[in-house]
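Take a look at the letters that make up each chain.
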Amino acid sequence: MDTKSVDQIIDRHDAEAGSLIQILLEIQSINHWLPAGALQRVSERLDVPMTRIQHIATFYKAFSLVPRGRHEVHICMGTACHVRGAVRVLEKVEDITGITPGETDLGMKYSLETVNCLGCCALGPVLEIDGKIHGRIKPSDTAGVLEKYE
Amino acid sequence: MSKILLNIDGKEVTAQEGMTVLEAAQSAGIFIPTLCHHEKLEPFGACRICMVEAESHGRTKLVVSCVYPAEEGLVVRTRSEKIDRIRRTILELLMAHAPDSEQLKELAAEYGADADRFEKEGSFCIHCGLCVRYCAEIKKKNAVGFVDRGTRKEISFVPEIALKECENCKECFPLCPTSYLQAAWVLVKALASDGS
Amino acid sequence: MPRLNSPAELEKHRQQIKSSGDPEMPCVAICAGTGCLASGADRVIEAFRDEIEKQGLKAGVRIRETGCPGFCERGPVVVIYPEEICYLDVKPEDVPEIVTTTLKEKGVVERLLYEDADTGERAVHESDIVFYRNQQRNLLENNIKIDSRSIEDYFAIGGYSALAKVLSEMKAEEVLEEVKKSGLRGRGGAGFSTGIKWEGSRNAEDDTRYVIVNADEGDPGAFMDRALLEGNPHSILEGLIIGGYAVGAEEGYVYVRQEYPLAVTNINRAIKQAREHGLLGENILGSGFDFDVIVHQGAGAFVCGESTALMTALEGRAGEPRPKYIRSNIRGLWNKPTVLNNVETWANVPLIINRGSGWFGRIGTEKSKGTKIFSLVGKINNTGLVEVPMGMTLRDIIYKIGGGIPGGRKFKAVQTGGPSGGCIPEKLLDLEVGFDELSQAGSMMGSGGMIVMDEDTCMVDVARYFIEFLTDESCGKCVPCREGLRQMHRILTNITKGKGKEGDIETLEELAETAVEASLCALGKSAPNPFLSTLKYFRDEYEAHISEKRCPALYCRDLISYYIDPEKCSGCMLCLKKCPVDAIEGKKKQVHVIVQEKCTNCGTCLDVCPSKFDAVRKLSGESRGAGQNE
């Protein structure tokens, strides 16, 4: 991500140190990951130490320090979903994509992540792909759903 | 600065206002074990081994003495069956990481902690945070920090800063109770591809 | 966008809105909350637009995309006004029939109505449905009546009248007194007296104070705050502004978890609308009171729901909790007096102002006043959000409102209070919901998550699940939580894999004590609760796992095996084809056999075996190779 775009985001938040997480969230949302150069720029302009940025970028699950795949696949592991069999959905998705949570496949197609509750508890188990929610998903349905994504 | 009178282990202790219970105890020569405390650094409250029983207004509770402010009339007990049990468990949990740490071995002997109670863990960092906080608060270089959270938490050098500053500093090295810091430093140097 | 400079102008604007619409005009209200959208509500909405236009009804029928009314299991939910006819599980294909039958012919589409499981009776109106009938939906009832994106709709139902009353008729101290008298206690889990918290901040010596909405609803299984914030964002805002006035704060924050993108969008829009109308900013409604709100998103950390961690996150740091020796209502955000309250707590404030502390105090029990919203999920027939007066029994909620356990399975436990709570067994179902009652049984009401479990749920696995969740979400700063939970997780996982040994329970109990007594924050201190409560009420399951290597619920994969009953198998080949590791042998019309050495216990065969055969069973114990060939 180029410096100008990073600067624009920083300026929108008045370069306030308290808005550090909001700034990183915007960069993550647009770029899908946080490149080292962008973090360096944020550190300089907000005058916060790199250790703090490093901590925040790894502490919070929303951030990725490595490029992500084209499609973000999230599986909810909340209690309601767990009780309705989320573990088996996860296993099936791991099988199909060949990756485990936190990983991206070699073709950069999918990034898999578990989420601790999306708030759709009545529809568990829940599979979320690129923000679209597939509720009441059965392990046998997952292949069909994933196929639709290029 | 006004004076506060409290009672620690049956001894009358006079403390200055603003002191913590730990500082008050230390000023009276009463020993409370610590792992993450350093007089030059802000209290951290992470190791929990300095916990003591504090009684005021008829109620007793367990407090972290390095953080808890000394109060007028507070009655403190630095040892009890419960405190000892908790300290022993904390030591056993830490020794799953660093069984060879001299500091831990000494405390383990005092509290009867079994170094082999729990399965050994890979990393021998005990997260006292002394290195991170020393570099941030005293040297103000922020060359090393924490990353991630929970059981995945670790210390991590910022290579750009560390490779410039640490070789000629290393003031935090003696603070590390397990020498994990030194090992991490060796790794950072080794990973620096141009050997500088 | 008229700027409203006085309560009188607000009232005039409200009357204008109310008189401009015809209350008798037919209106199709379709839930556009996250749950129904996930079930396809967006296509239903489009279908209605198309069909209504097609049938020439556009001028005489309104379509309203509304907030979440809570019956998520049966979504998409559609309510036709003014008759209040409620249709459930609506699909786009059903829309033409609804438009013709109900909008044109004023009839009813029977098959889309709620059907009582026992009597077969159909409920026509929303209020007839047994799920809703036994609730007292003071907070949630408005969600279906408004478009969450419209401030006009909020004005039309009386929105901001509480704020107007407060700013023109009440002094800050009077507002404080009302809230104190009402008996309102925090809905986020701790249940601290809201009025006393506010008073503490007001009396703290500092000129700068803050008020915060905690919308970081992280308890898995809980989505009450999502429905409130998404569905009726202005109601939360109104409560917050009133709170700011009472406490003496000029700045408020809404901390929303980023896993709720619709809630983030809706609250941001609501704030913009409020500013345009002069309900936020300088000199609100001409009262001289200045107040504005900033939205911060969470970034995926459960621990940030803890109040001190949340404030640390608002300051742009990693969300590590701070020791609470000085309460945050005295020294909180940026070390200033800060009132942090949960979404549902704030939502109650306008109601208390409008209807009075006396009204609020008459609902509920002596120590727990008002209503509480619960998210009733898991193994339950009527899944969704349930708002009831405090004091209702768990049994009534689960059976009368929830409709009991699906599939004829037997109830086993209800888990309340999220990862800080515990499991309550059948014999205690007559406990009343409230702040103190459930704590005495080893659980807590918490933020309102209520997860029902049946005989197929392994309680040891439940304990393991929660500890695993917390090892992932722990901030990692203090030893008792980071290291204690690490070891507890290891031991519990071993137990579920048949590797438990004598002394494990005692070790777990000791680690639990250390976490409870010595952890830095409430996450660590309450982490052992699910373990302790399952041990208390289901000790036999722990002992079966450890001594007999047996899982009574037949859930733990390493302790069960799958078996095809030769008497029931018809040889249909379905399981054979679906088995991911080709572990089933057989031919068409010949009894199939699972080769235990290859079987990975994935359960696919059990899933796909047609219910008319029901030939796959789970058995306790290891491989049953020899017995298969009989």
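Residues numbered from 1 in each chain as written. Chains lettered and ligands numbered in written order. Predicted model: local features only at pLDDT ≥ 70, side-chain atom pairs only at ≥ 80, totals over all residues.

## Overview of the sheet that holds strand β1 (residues 71-76) of chain A
Residues and elements named next belong to chain A. Spelled out, the test is: When DSSP locates at least two bridges between a pair of strands, those strands are taken to pair. Helix and strand definitions here come from DSSP, where helices need a minimum of 4 consecutive H or I residues and strands a minimum of 2 consecutive E residues; each element is numbered from the N-terminal end. Only the contacting stretch of a helix is used when fitting its axis, a line to C-alpha atoms as for every element, and angles between N-to-C directions run 0 to 180 degrees.
As summarised here, the arrangement of the four strands in space is β2-β1-β3-β4, forming an open sheet in which the pairing is mixed. Each edge of the open sheet is held by one strand with a lone partner, namely β2 (110-115) and β4 (132-134). Between one strand axis and the next, the sheet turns by 25° as a mean value, whatever way the strands run. Relative to strand β3 (residues 127-129), β1 is paired through three bridges, and the arrangement is antiparallel.

## What about the interface of chain A and chain B?
The test is simple: For the purpose of contact definition, each residue receives a C-beta atom placed from its backbone, and two residues are in contact when these atoms lie within 7 Å. Residue polarity follows a fixed list, in which Ala, Val, Leu, Ile, Met, Phe, Trp, Tyr, Cys and Pro are nonpolar, Asp, Glu, Lys and Arg are charged, and the others, Gly among them, are polar.
Taken together, the seven residues of chain A in the interface contact ten residues of chain B. Along the lines of polarity and charge, the residues of the side of chain A that touches chain B split into three nonpolar, four polar and no charged.

## Quick notes on the nonpolar core
This is how it is decided: Buried Ala, Val, Leu, Ile, Met, Phe, Trp, Tyr and Cys residues whose C-beta atoms connect them within 7 Å together make up a nonpolar core. Here the C-beta atoms are placed from the backbone, and a residue counts as buried if at least 20 other C-beta atoms lie within 10 Å of its own, exposed if 12 or fewer do, and partly exposed otherwise.
Counting 288 residues, the largest nonpolar core has Val21 and Cys131 of chain B together with Ile30 and Ile242 of chain C as its most contacted members. The leading source of residues in this core is helix α18 (residues 459-473) of chain C, at nine residues. Aside from chain neighbours lying at most four places away, what touches Val21 of chain B is Val52, Ala54, Val63, Ser65, Tyr68, Ala70 and Val76 of chain B. If you look at the next biggest cluster of nonpolar residues, it comprises 13 residues, including Ile564, Cys569, Cys605 and Ala615 of chain C.

## Brief notes about the environment of Ile151 of chain C
All names here are of chain C. Within the fold, Ile151 resides in helix α6 (residues 151-156). Taking the number of C-beta atoms within 10 Å as the measure of exposure, Ile151 has 24 and is therefore buried. Separated by 74 residues in sequence, Ile151 and Asp225 place their C-alpha atoms 19 Å apart. Discounting chain neighbours no more than four positions away, the residues touching Ile151 are His234, Gln273 and His277.

## So, the domain arrangement of chain A
Here is the rule: Residue ranges assigned to each domain were obtained from an automatic or database domain assignment.
Its domain assignment divides chain A into domain 1 (3-59) and domain 2 (71-147). The gap between the C-alpha centroids of domain 1 of chain A and domain 2 of chain A is 29 Å.

## Things to note about the domain arrangement of chain B
For interface size, the figure often reported is the accessible area lost on association. All names here are of chain B. Each assigned domain of chain B is listed here: domain 1 (3-79) and domain 2 (130-191). Distance between the C-alpha centres of domain 1 and domain 2: 30 Å. With seven residues of domain 1 in contact, the opposing surface of domain 2 contributes seven residues. In terms of residue class, the side of domain 1 that touches domain 2 is made up of four nonpolar, one polar and two charged.

## Details of the interface of chain A and chain C
Across the boundary between the two partners, chain A contributes 39 residues, which contact 47 residues of chain C. Those elements that provide at least two residues to the side of chain A that touches chain C are α2 (20-31), α4 (50-59), α5 (79-83), α6 (86-97) and α7 (139-147) of chain A.

## Here's the deal with the sheet that holds strand β14 (residues 422-425) of chain C
All names here are of chain C. Reading across from one edge, β12-β11-β15-β13-β14 is the order of the five strands in this open sheet, with mixed pairing throughout. Edge strands, defined here as strands with exactly one partner in the open sheet, are β12 (384-389) and β14. Taken over all neighbouring pairs, the strand axes of this sheet differ in orientation by 30° on average, direction set aside. Here helix α16 (residues 394-401) sits on the sheet in contact with β11 (371-378), β12, β13 (411-416), β14 and β15 (449-454), set at roughly 135° to β12.

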